[in-house]
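# Examining the three-dimensional arrangement
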Amino acid sequence: MSRWCQALARAMVLSQVLLGGHVVWRLARTARGRRIGAEPDASPGGERVTVIVPVLNEEHRLAPCLDGLVAQGGEVAEVLVVDGGSTDGTWGLVEAAARRDARVRLLAASPVPPGWNGKAHGLQVGLECAASSTAWVLTVDADVRPVPALARSLLAHARAERVEALSVATLQRLSGAAEGLLHPALLATLVYRFGIPGHATDRVQAVQANGQCFLARRDVLGRVGGFASVRDSLNEDVTLARSLAAAGCRVGFYETDGLAEVAMYAGWRDAWRNWTRSLPLRDRYAGLAGWLGLAEVALVQALPLPLAMGLWLRGRRAKPPLAASMLRGNRWLPFVSLQYWGGRGGASSAPYRQRGLGGGAARGAGGNGTGLPGAAVDVLVVARVRSGGGGWGMVECVPAPARLARPDRRPWRTQMRIARLLFAAHLAALGFGLAGLLIALPHPELWADEPNAVRVYDFGMTYAGSLHIVFGALAMLAFGVVALGWPKTLIFFAASVPLSLGSELIGTGTGWPFGNYAYTDFLGYKVLDHVPFSIPLSWFYMGFASFLLGSAIAQGRDLRPRAAWSVGLGVWFLTVWDLVLDPAMAHESLAVQFWTWDETGPYFGMPVQNFVGWSATGLLFMLLSRFLWREDADTRRVPGWFPLAVYAANTLFAMALSASVDLWGPILLAAVLGLAPASLAWRRRPAGPARPDHEARSRRHWRVAPSR
């Protein structure tokens, strides 16, 4: 392990310690909050409230909400159901409720004006139509199931706490076990970043909010421009609460004693799609504090388990300082995860309680109920390393007796032949796709009258977009096994595919880190309806080829520190490839667009943010792979032509597409910044095949060894 990687590991542990301490301090500071209890009786002659319910095709979940609102007491002056253009039976449900209670009114808010969030527009329409006699506005989502005491309890609490706006951490009803694993863990990220509910604040970055049940004074809403002030926000509830805090208002966020229950999602897929939009909480107030909160979630909540598993798989003894220091740093992180799940009732009970399928409210550790507690899916890691005396150390790779050695049953030449065949298939698929894009699509007269040609065309439209990516990934997998062995190849695959897929899922859902874009249907089946399955595979094989090119140059030119140069050059080559690929694949002049951009930028109509996000994603999985490898790639055993050929073929493919739409600037950049420096990795093959050390590797096995 190089000194550079040692320093990186220690920096990561230090970051975890600092951020973990910040999280613990925040949770300790917010541990003693207040809850909203059920108010038994309405105050005579008190202030009244207008309830606004924005709806759009809510036939299947609106009825319980209307039943609860109709049961509210006299403090509710009116219930305005604002429809954004429903085409199902929503109107019938509202009209039936209006016949039961004259306070219920149906308002039309369709069509939504350009530049408006549909929900924000519906709320603004309701605000403008509200009776002038009401002093408060309560917004309620269609999936909320309120109890009859909700409105009077919120009003009483607002008066007691002297807050001008508040919202509620509703009791969540889960659809099943899969959502029970996902949803509580995602809710816990908000507690890590903002603290435990039960407080009011006028600090913009400390505000929490939930638009499912949001109460605010009407005059303070007018002070910030109403819901029109958040018309372009994807998180209109949080942005509105921050706007009120910026205007000097105290904004509260509280749990309740079962006053509002919500069945948000139909399943875990629905939860994931919506959380990718909510997790970043990006708006005009998001800044350094927002990035810090995401870092806290990533390093303190999400990282300990994969980090400890990676160290275990690396098989290092406890004696070297790297493994010991990292595991010692991570063994304290369970205390962060246990911050709020141990309470029993009162102000300390578990926030964001869940109601499971059995009907009971699941509290935290020691609580009662049948739901799944969020702590069950939070990341808990207890890692203990003993550097002396007895006990058991980490898993260690030790030489096996010679009699256990197995000869390499697959010759090196056969393995390399498989890699070459897969690369040939990759080249054929690239050529097939290029011919379809540049010849078949623009000139249907060449093939439309021939049945066999039509079948080939249909096959190409369905499979060509993903076929060359699959062959490219298989080719680099096969080559990696030959050149570096299974462990290093699978580590790189396991690091690049999940991380790139996660980055793309977040990007297509939130616009971060690449910008606002969406994939079309020409690259195969979409994971969670957002990202084609082939996209993470392209990250893998082009990232792997780029990293090997960087490693070869670093070793051949004796660049130090070699690990840093290998990763840096790998990220460089990967980003340069995207400089020429991205503008062409989404260009409006191309017969087929593989993704579309919802924003423009200075780089041939694309935002520069895309390339920053691209580089950051590549840097992340290359750093992680190199860290888990424990050593640099020995490129003397790597046939240098193979990764160079893969990189050049894909870059030339992108250059041909760019040339077809007259994008000559990206072509020049790819040639000068990509292909020219990549050619430095070319190495003449030595006499006789440089075979990987399969025999030495086969004489090693894994066992648990006692510490010394």
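The structure presented is a predicted model; accordingly, all values stated were derived computationally and were not measured.

## Brief notes about the state of the cysteines
Taken as a whole and judged by the stated rule, the model has zero disulfides. The closest cysteine sulfur to the non-disulfide-bonded C213 is located on C65, 9.6 Å from its own sulfur.

## Details of the pattern of salt bridges
Close approach of charged atoms allows side chains with opposite charge to pair. Applying the stated rule across the entire model yields 17 salt bridges. For the salt bridge of E161 with R34, the shortest nitrogen-to-oxygen distance reads 2.4 Å. Of this pair, E161 sits in helix α5 (residues 150–161) while R34 sits in the loop between α1 (3–29) and β1 (35–36), and the two are 127 residues apart along the sequence. Of the charged contacts, one joins R35 and D257 as a salt bridge, the two residues approaching to 3.1 Å between their closest N and O atoms. Highlighted residues: R35 in strand β1 and D257 in the loop between β11 (251–256) and β12 (260–262), separated in sequence by 222 residues. Residue classification places R35 among the buried residues on the basis of a relative accessible area of 14%. Under the relative-accessibility criterion, D257 is labelled partly exposed at 44%. One network of salt bridges, in which partners are shared, links R35, E255 and D257.

## Describing the confidence of the model for the protein chain
When the pLDDT values of the protein chain are averaged, the result is 77; 76% of them are 70 or greater. In the predicted structure, residues 316–410 sits below a pLDDT of 50 and forms 215 contacts with residues beyond four places in sequence or in another chain. Throughout residues 684–708 the model reports pLDDT below 50, and contacts reaching past four residues in sequence, or to other chains, amount to 61 contacts.

## Some points on the packing of aromatic side chains
Counting across every chain of the model gives 23 aromatic pairs. Plain terms: the ring middles of F514 and W539 are 6.4 Å apart, the flat faces sit at 45 degrees to each other, and that makes the pair tilted. On the criterion of sequence distance, the pair formed by F514 in the loop between α16 (486–510) and β16 (517–519) and W539 in helix α17 (residues 534–556) is long-range, its members being 25 residues apart. Both residues of the pair, F514 and W539, belong to the buried class. Just above the ring of W629 sits the side chain of K488; from NZ or CZ to the centre is 5.9 Å.

## Remarks on the nonpolar core
Residues M476, F540, W595 and F642 are the most contacted members of the largest nonpolar core, which totals 82 residues. Residues contacting F540, with those up to four places away along its chain left out, are A473, M476, L477, F492, F493, S496 and V497.

## Points about helix α18 (residues 562–585)
Since the α-helix packs 3.6 residues into each turn, any two residues three or four apart lie on the same face. In this model, α18 (24 residues) spans 34 Å end to end at C-alpha, consistent with the 34 Å of a helix rising 1.5 Å per residue. Along α18, the sharpest change in direction is near 30 degrees and occurs at L579; proline P583 comes one to four residues later. Burial analysis of α18 places 20 of its 24 residues in the buried class, which makes it a mostly covered element.

## Focus on the pairing of strand β10 (residues 213–217)
Most of β10 sits inside the fold, with four of its five residues counted as buried. Sheet topology places strand β7 (residues 165–169) next to β10; three bridges connect them, and they run antiparallel. Its bridge partner lying in β10, S167 is registered against F214.

## A short note on helix α19 (residues 609–629)
The first and last C-alpha atoms of α19 sit 30 Å apart over 21 residues, in line with the 30 Å expected at 1.5 Å per residue. Count one or two residues on from α19 and you reach R630, which has phi positive near 75 degrees.

## Observations concerning the side chain of T489
For T489, the location among the structural elements is in helix α16. Those residues in contact with T489 that sit more than four places away from it in its chain are L477, G480, V481, L484 and F544.

## Quick notes on empty space enclosed by the protein
Using the criterion set out here, one finds four cavities of 30 Å³ or more in the structure. Roughly 290 Å³ of volume is contained in the largest cavity. Taken together, 22 residues make up the lining of the largest cavity; nearest its centre are I535, S538, L581, W595 and W614. When residues of the lining of the largest cavity are traced back to their parent elements, those giving at least two are α15 (451–483), β16, α17, α18, β19 (595–597), α19 and α20 (641–660). The element that contributes the greatest number of residues to the lining of the largest cavity is α18, accounting for five residues. Each residue belonging to the lining of the largest cavity can be placed in one class, and the counts come to 15 nonpolar, four polar and three charged. Every residue lining the second largest cavity is listed: K119, L123, T139, G211, F214, F227, V230, E236, D237 and L240. Among the elements of the structure, α4 (118–129) and α8 (236–246) are those that each provide at least two residues to the lining of the second largest cavity. Considering every element that reaches the lining of the second largest cavity, the biggest residue donor is α8, with three residues.

## As for a nonpolar patch on the surface
Judged by side-chain polarity, F432, V456, F459 and Y463 come together as a nonpolar surface patch covering roughly 360 Å² of accessible area. Element by element, the count of residues in the nonpolar patch is highest for α15, at three residues.

Calculation rules
- Residues numbered from 1 in each chain as written.
- Predicted model: local features only at pLDDT ≥ 70, side-chain atom pairs only at ≥ 80, totals over all residues.
- Heavy atoms only, no water.
- Disulfide = S-S within 2.5 Å.
- Salt bridge = Lys/Arg side-chain N within 4 Å of Asp/Glu carboxyl O.
- Helix = DSSP H or I, 4+ residues; strand = E, 2+ residues; numbered from the N terminus.
- Buried < 20%, exposed > 50% of the residue type's maximum accessible area, 1.4 Å probe, protein only.
- pLDDT = per-residue confidence, 0-100.
- Contact = heavy atoms within 4.5 Å.
- Phe/Tyr/Trp six-rings, centres within 6.5 Å; stacked < 30°, edge-to-face > 60°.
- Lys NZ or Arg CZ within 6 Å of the ring centre and 35° of its normal.
- Core = buried A, V, L, I, M, F, W, Y, C linked by side-chain atoms within 4.5 Å.
- Expected span 1.5 Å × (residues − 1).
- Bend = angle between axes of the 7 residues up to and from the residue.
- Pairing = 2+ DSSP bridges.
- 1 Å grid on protein atoms, 1.4 Å probe; cavity = no way out; pocket = protein on both sides within 12 Å on 5 of 7 lines; lining within 4 Å.
- Points joined across faces, edges and corners; volume = space filled by probe spheres on them.
- Nonpolar A, V, L, I, M, F, W, Y, C, P; charged D, E, K, R; others polar.
- Patch = residues over 30% accessible without salt bridge, like charges linked within 9 Å, V, L, I, M, F, W, Y side chains within 5 Å.
- Areas by Shrake-Rupley, 256 points an atom, 1.4 Å probe, with all protein chains shown as cover.

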